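# Descriptive structure summary
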Amino acid sequence: MRINIDKNLRQQAIERKFASRCRKLRICPDQCLSWCISTLILLFASMTVRAAETPSALEYKVKAGYLFNLARFVEWPAGSLPLSDSFFTVAVLDEGEALAVIQSVLDGKQVNGHLMKVKSVRTNPAEKDFQILFVTRAAAKSPQDLRLSLAGTAVLLVGETDQFAERGGMVGFVREQEAIHLTLNLERTTAAGLKVSARLSSVARLVKSLDLK
Amino acid sequence: MALRSSGRGSDYSLHSAQVCSKKVLKKRRKALCTFRVWLWVVILIISWGSLPISYSANDSALGSAEPDFTSLSLEELGSIKVPTVYGASKHDQRITDAPSSVTIVTSEEVKTFGYRTLADILRGVRGLYVSYDRTYGYIGVRGFNRPGDFGGRTLILVDGHRLNEPLFDSAFNVTDFILDVDLIERVEVIRGPGSTLYGDNAFFGVINVITRHGKDVAGAEISGSVASFDTYQSRVTYGNRLTNGVEVLFSGSYFDSQGHERLYEPAFDTPDQNNGIAEGRDGDTFYSGFASIKYHQFTLEGAYIARDKSAPLAAYETLFNTPQPTIDKRGFARLNFNDTLGEDWVVSASAYYDYYGSDVDYLSDATAPGGPFATVLNKERDHAQWTGFEGQVSKAFDQHRLTLGTELRYDFDLTLHSVNVSPYEVLTDFHGSAERGGLFLQDEYSILTNLVLTAGLRFDDYSSFGNTLNPRAGLVYNPFSKTTFKLLYGQAYRAPNLFEYSGVGIDSKSNPGLGPEHIRTYEMVYEQYLPANLRFSASGFFNQTDNLIAQAVDPDDGLLYYRNVENAQTKGVEMEAEYRSKAGLFARASYTLQRTEDVSTHEELSNSPRQLVKANVGVPLWGEKLGAGLELQYSSRALALPGRPIGSADPYWVFNATLYSREIVKGLELSASVYNLLDEKYTNPAGDELTPSVIRQDGRNFRLKLTYKY
């Protein structure tokens, strides 16, 4: 009995407190409930939304376009490219949405007689069976570490983090005046045995390596 | 601007006691019902988005109407605009990554909807509203737009350069805005406090106007328009990137409007005041210029406007239907430097010079008791000149991006001068100077790849009132690639402007203890991208404003002075849905529900509509050659100042429509706009200085515009 009384009192106290809050908000309790339920449903519905068009889809479509042009205007050393009937592979190191968008743009395209293929790499790649490695911001990898892991290979290291080409990478995507542009570190591409065409180096902003401690 | 001495005391914006009557409750229920309908519509949309349909980026990324990105040249790729915001963190970032609720209005939208002024642009933005008293425009954000203020709680920037002037804090946004809207590349509306980056005035929000680049103009443009009320405007622009790498943009504009030939205002409807008709007193003229020269890391930029508006509504109890020229002149020149120095420090620095001048003539009744009718002409001549330096360095390392910045400013010429011509009498003659300095630090800390904390702190020191410290913190979380949650807290301030601080108005005195206004804001933002290029966002906010500056009368000597007295709070929600089809169809709709009240009395503030609705639809009719823009704006009732004969400005709906064509003839753009299509009779609450309670706005009017590029 005592328990029941306490429960009732507690219930009444809760109702009073709720009503008081409602009064402060100048809405009635049923409206409060309605708001809360609506908000919960809204949140629940939003959490169940499937991955589809991404907020930065356009950004990665543009970057995919640049990757295609890099494949066109960079010359890989003889022997590092597979035979003409095999794939030209772009590896994407990504923890976000970039991979699917880039695949949708590049997969199946022809470049210099090769069919393009985009593949995902999750960590520092052990197998270097690709020609371009694109590292997204979401991957949160140091370009310097990646460069060291790719030492001795003819892989074009492309990234989008701040000063990527200066801090160990070869080509960086930078935002300037709302558009996406390229930075190019010729010293690094040359060291990797890659030959950049004049067409590409005239459009990209040339940068130098930072003396990283 | 005028030296304001209303004498109405500190109850400037509080409405008379509002009883919780059945009528009020009914309205409240109606408002909530409307809100619930919106909410459920949104839920349905999101539920649709959550249907387990087979869908992947492969299906969506390349539509038939989109270009094949592999077929684009390097130059073409570099010309594609990817939406970003600069002003939220002082560097370009994705809108969803910004620690604020952000809206971007692009130059395309300016053309599509036929926007004529910055105020037109802002009226179409979620949660914003602009009142117009036929002289100046006043920007309302988050339910706050106190009649009689000059808009000092919104910071307006052009390319990051502050436009609010130090005498009255004015945020010019109608024909007095320094840029022709045709020179705007985009407008960033960043809601919430921005004082941790920008200091003064970034109270309710920051509006950063980004100008076009010379290389985008790539030649010359001539533009002319004709509009209602005998309005004509012309513009000549040249921009290019020269072969030596220098990028230039030069532009000049001239605008002339006769305004309403016979403007009727019922508050003056007496035989001795021409039956309330102001004849030929609504004219508006300006000329403005803008120049930008970029070379490598240096940018030299300057702008100037001189605008002469005839004020038709006899402010400050002057004589109605007499000339009252109100001239505002605003200019600046700035040299900016941006580069990466040393190892990896991104450095930017700028030095600037600014000017503001205000010339106003008032004709008042000076009839002595029992004497013949006599008038007195008062000439007010105020101006300010200031110069300053801003610098910042930022460095990205590991998971942090640190930004350290400073601002030093010297207002070396502050003048408030007012004389009666005959008999000659000096009413105000203040000459002074002021200094201010600020130091800020911001860290963007990527705790996880999808969780970023932005924390900032800014210290400002003023020669007038002392110092203030303002922090902010924003947590941006992306649980899924298309979903963003933002949890935001911030503080900001508005320093007393010279007029408030100096106390040199007529029958006024200074208050050495006058301090800055403060605001604390709490906000949660939810942004969701949906299939088929649909975007949805919602936010809930709570603002607590303290120490609002208000005018009062000292009972001891009867003099007016400013003091920190009022506290107000706002709570509200905003929702917005946006759709962009691959074929170019654009639609955006938003709803704002808010309430702003005085903390102590719980009375609603003046000029604070509880509900705002905005809807914009851009329809391509013939590819990119022909299109139409339709716009709808709704505002619920807004209270007028207390004690006025008319208690409020009625709710209103305004429709605007624009039809435009481009490149039907090479280089030619044409547009025809009708504003207030349904000729809605609506009003905005008036400030203290005006006799009418509410100000009538323009009825249906049109504009034809032609632009030729070569």
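Please refer to the structure higher up on the page.
The structure reproduced in this document is the subject of the present report. Fair warning: this is a prediction, and the values are worked out from it, not measured in the lab. (Residues numbered from 1 in each chain as written. Chains lettered and ligands numbered in written order. Predicted model: local features only at pLDDT ≥ 70, side-chain atom pairs only at ≥ 80, totals over all residues. Heavy atoms only, no water.)

## Points about the nonpolar core
Ranked by internal contacts, the top residues of the largest apolar core, which has 58 residues, are A:Leu67, A:Ile102, A:Leu106, A:Ile132, A:Leu133 and A:Leu156. Ranked by residues supplied to this core, first place goes to helix α3 (residues 57-73) of chain A with 10 residues. The contacts of A:Leu67, once residues within four sequence positions are left out, are A:Val90, A:Ile102, A:Leu106, A:Ile132, A:Phe134, A:Val158 and A:Phe173. Counting residues in each nonpolar core, the second largest holds 46 residues, with B:Ile139, B:Leu163, B:Val187 and B:Leu548 among its members. (Core = buried A, V, L, I, M, F, W, Y, C linked by side-chain atoms within 4.5 Å. Buried < 20%, exposed > 50% of the residue type's maximum accessible area, 1.4 Å probe, protein only. Helix = DSSP H or I, 4+ residues; strand = E, 2+ residues; numbered from the N terminus. Contact = heavy atoms within 4.5 Å.)

## Points about the environment of B:Gly239
Residues and elements named next belong to chain B. Here Gly239 lies in strand β9 (residues 231-241). In sequence terms Gly239 and Asp216 are 23 residues apart; their C-alpha atoms lie 7.5 Å from each other. Contacts of Gly239, omitting those with residues within four sequence positions, involve Gly214, Val217, Ala218, Gly219, Val248 and Leu249.

## Some remarks on the pattern of salt bridges
All names here are of chain A. This model, assessed by the stated rule, comprises 59 salt bridges over all chains. Note that Glu160 is salt-bridged to Lys63, the shortest N-O span being 2.4 Å. Note that Glu160 is positioned in the loop between β6 (156-159) and β7 (171-176) and Lys63 in helix α3, a separation of 97 residues in sequence. Under the relative-accessibility criterion, Glu160 is labelled buried at 2%. (Salt bridge = Lys/Arg side-chain N within 4 Å of Asp/Glu carboxyl O.)

## Some remarks on the pairing of strand β18 (residues 400-420) of chain B
Residue and element names in this part refer to chain B. Direction of pairing for strand β17 (residues 375-397) relative to β18: antiparallel, over a ladder of 19 bridges. Opposite Lys379, over in β18, you have Val419 as the bridge partner. Taking the residues between adjacent antiparallel strands as the criterion, β17 and β18 are bridged by two residues, where Asp398 takes a positive phi near 45°. Note: β18 against strand β19 (residues 425-448), 19 bridges, orientation antiparallel. Its bridge partner lying in β19, Leu404 is registered against Leu441. Hairpin connection of β18 to β19: four residues between the antiparallel strands. (Pairing = 2+ DSSP bridges.)

## Describing the side chain of B:Ser606
Residue and element names in this part refer to chain B. Looking at the secondary structure, you find Ser606 in the loop between β26 (586-598) and β27 (611-622). Since its relative accessible area comes to 2%, Ser606 is described here as buried. Within polar-contact distance, the side chain of Ser606 engages the backbone oxygen of Ala640 at 3.2 Å. (Polar contact = N/O pair within 3.5 Å; in protein donor to acceptor, adjacent residues only side chain to side chain.)

## Here's the deal with the packing of α3(A) against helix α4 (residues 98-106) of chain A
All names here are of chain A. Contact geometry of α3 with α4 gives a least axis separation of 9 Å together with a crossing angle of 50°. With respect to α4, the axis of α3 lies oblique. Remark: the crossing between α3 and α4 carries right-handed chirality. Contacts from Ala57, Tyr60, Lys61, Ala64, Leu67 and Phe68 of α3 reach α4 at Ala98, Val101, Ile102, Val105 and Leu106. Taken together, the residues of the contact of α3 with α4 sort by class into 10 nonpolar, no polar and one charged. (Axes fitted to C-alpha atoms, helices over the stretch in contact; angles between N-to-C directions. Parallel < 35°, antiparallel > 145°, perpendicular 65-115°, else oblique. Left-handed = near helix turned anticlockwise from the far one by under 90°. Nonpolar A, V, L, I, M, F, W, Y, C, P; charged D, E, K, R; others polar.)

## Quick notes on the sheet that holds strand β4 (residues 154-158) of chain B
Residue and element names in this part refer to chain B. Overall, mixed pairing links the five strands, which are arranged β1-β6-β7-β4-β5 in an open sheet. What marks the edges here is a single partner per strand, and that holds for β1 (101-106) and β5 (161-162). Sheet topology places β1 next to strand β6 (residues 184-191); six bridges connect them, and they run antiparallel. Bridge pairing links Thr106 to Arg186 in β6.

## Overview of the pairing of β6(B)
Residue and element names in this part refer to chain B. The element β6 is extensively covered by neighbouring structure, given that eight of its eight residues are classed as buried. Bridge analysis of β6 against strand β7 (residues 205-211) gives seven bridges, and the strand direction is antiparallel. Bridging across to β7, Glu188 finds its partner in Asn208.

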